[in-house]
Amino acid sequence: MAVLNATNLHKFYQLGEFQIKALNGVDFEVEAGAFVAIMGPSGSGKSTLLHLLGGLDVATDGDVMLTGQAFSELPDHQMTLTRRRNIGFVFQFFNLLPTLTAEENIQLPILIDGGKPEVFQSRVDQLIDLVGLNDRRDHKPDQLSGGEQQRVAIARALVTQPAILLADEPTGNLDTKTGKVIMSLLRRSCDELGQTIIVVTHDPRAAAYADRVVFLRDGKEQETLKFKELKDLSERIRKIMGIMEKMEI
Ligand SMILES: Nc1ncnc2c1ncn2[C@@H]1O[C@H](COP(=O)(O)OP(=O)(O)O)[C@@H](O)[C@H]1O
Ligand SMILES: [Mg+2]
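Computed from a predicted structure; not experimentally measured.

## Focus on the overall build of the protein chain
- Within the protein chain, the secondary structure is distributed over 8 helices and 10 strands.
- The C-alpha radius of gyration computed for the protein chain amounts to 18 Å, which stays within 12% of the reference 18 Å derived for 249 residues, consistent with globular compactness.
- Along the three orthogonal principal directions, the C-alpha set of the protein chain runs to about 50 × 45 × 40 Å.
- Here the protein chain, with 249 residues, has 51% of them falling under the buried criterion.
- A separation threshold of at least 6 residues defines the contact pool for the protein chain, and within that pool the share at least 24 residues apart is 70%.

## Quick look at the site of ligand 1
- Around ligand 1, the structure places Tyr-13, Ile-20, Ala-22, Pro-41, Ser-42, Gly-43, Ser-44, Gly-45, Lys-46, Ser-47 and Thr-48.
- In this structure, Gly-45 approaches ligand 1 through a main-chain N or O atom, which is 3.1 Å from an oxygen atom.
- Here an oxygen atom of ligand 1 and a backbone polar atom of Ser-47 are 2.9 Å apart.
- Here ligand 1 has 560 Å² of accessible area as a free molecule, and 62% of this is covered by the chains.

## Concerning the sheet that holds strand S5 (residues 69–70)
- The 4 strands lie next to each other as S2-S1-S4-S5, forming an open sheet whose pairing is antiparallel. Unpaired on one side and paired on the other, strand S2 (18–31) and S5 mark the two borders of the sheet.
- Sheet topology places strand S1 (residues 2–15) next to strand S4 (residues 61–66); 5 bridges connect them, and they run antiparallel. Each residue of the ladder has a partner; that of His-10, found in S4, is Asp-61.

## Side note on the packing of helix H5 (residues 146–158) against helix H6 (residues 176–193)
- At a minimum axis separation of 10 Å, H5 and H6 run at an interaxial angle of 20°. Judged by the inter-axis angle, H5 sits roughly parallel to H6. Considering how the two elements wind past one another, H5 and H6 form a crossing that is right-handed. On H6, the residues that touch Gly-147, Gln-150, Arg-151, Ile-154 and Leu-158 of H5 are Thr-178, Val-181, Ile-182, Leu-185, Leu-186, Ser-189 and Leu-193.
- Of the residues that constitute the contact of H5 with H6, the class distribution is 7 nonpolar, 4 polar and 1 charged.

Calculation rules
Residue indices follow the written sequence of each chain, beginning from 1 at its first position. Whichever chain is written first is A, and whichever ligand is written first is 1; the rest continue in order. pLDDT decides what is reported in this predicted model: residues at 70 or higher carry local features, side-chain atom pairs at 80 or more are listed and counted, and totals for whole chains, interfaces and linings draw on all residues regardless. The side-chain numbers reported here are obtained from all heavy atoms of the structure, hydrogens and water having been left aside. By the criteria applied, helices consist of DSSP H or I runs no shorter than four residues and strands consist of E runs no shorter than two, each listed in order from the N terminus. The globule rule is 2.2 Å times the number of residues to the power 0.38, and the radius of gyration it is compared with is taken over C-alpha atoms. Classification of residues uses two cut-offs on accessible area relative to the type maximum, computed with a 1.4 Å probe and protein chains only: under 20% is buried, over 50% is exposed, and between them is partly exposed. By definition, residues are in contact when any of their heavy atoms lie within 4.5 Å. Here a residue counts as near a molecule or strand whenever at least one of its heavy atoms sits within 4 Å of it. In the analysis that follows, any N or O atom pair within 3.5 Å is treated as a polar contact, provided that within protein one partner can donate a hydrogen and the other can accept it, and provided that, for residues neighboring in sequence, both atoms belong to side chains. In short, Shrake-Rupley with a 1.4 Å probe defines the accessible areas, and a residue's cover is counted only from the protein chains shown. Two strands are counted as paired when DSSP detects at least two bridges linking them. For helices, the fitted line uses only the C-alpha atoms of the stretch in contact; every axis is such a line through C-alpha atoms, and the angle between N-to-C directions lies from 0 to 180 degrees. Under this scheme an angle from 65 to 115 degrees is roughly perpendicular, one under 35 degrees roughly parallel, and one over 145 degrees roughly antiparallel; angles in between are oblique. Crossings are classed by handedness, with left-handed meaning an anticlockwise turn of the near helix from the far one by less than a right angle and right-handed meaning a clockwise turn. Gly counts as polar in this scheme, as do all residues outside two lists: the nonpolar Ala, Val, Leu, Ile, Met, Phe, Trp, Tyr, Cys and Pro, and the charged Asp, Glu, Lys and Arg.

Nothing here speaks to function; it is geometry throughout.
Shown next, in the form of structure tokens:
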């Protein structure tokens, strides 16, 4: 069954007399344990789509279903709980709390939800281990490199065992080598934890880690690449770049 199901998604912005069609009819389905990348030119609606899928913004038309629950039918407080418990977010600029240590940042979503850290500490430890930050757990964000901060952000996003992890340009602020580390980590979360993941990226080297790449243009799906049989990363990158060239991205 699909974990996430978006149908006929539209998002229009009214700027004075102009209407901007950021999303213009997107259907999108993600199966449990899948890893999907979204690509497209700047302004094609990638972030808008991710925000709608994460319930951070409301669609003009169409609906999103997460684990069988339609967002349009959730009252605001239920949507807040769904976002808190069922959706993990990773952003380009890490968004960690500067006064908290790495470990405290990772514990935060549990505390906000009224959970006891003692009860969840094994999960926190497992994730600190997964992201390889055992010797950095007491460091504050400004004592960590960009890549380490993003690893903390990934662990924080995973700590509630969300139905879906959404990442908007997670490697956008990192060098190529660190970007690879972050993408391999997301790949491992998918393979080892069965985590369902959607990543927005403009980088073909990052998108190659996904099982499927969806290309948007003008707020619509233009093309999809499926990598089921194709394991080789550089082959995948070549295919992605072929489509990017065709779409003039
Ligand atoms: N809050 C907003 N108000 C008005 N227009 C917006 C707003 N957010 C996004 N847009 C417009 O919607 C389109 C899609 O934006 P976005 O989803 O951010 O694209 P992408 O992430 O692919 O670069 C762009 O034309 C952008 O200018
Ligand atoms: Mg964007």
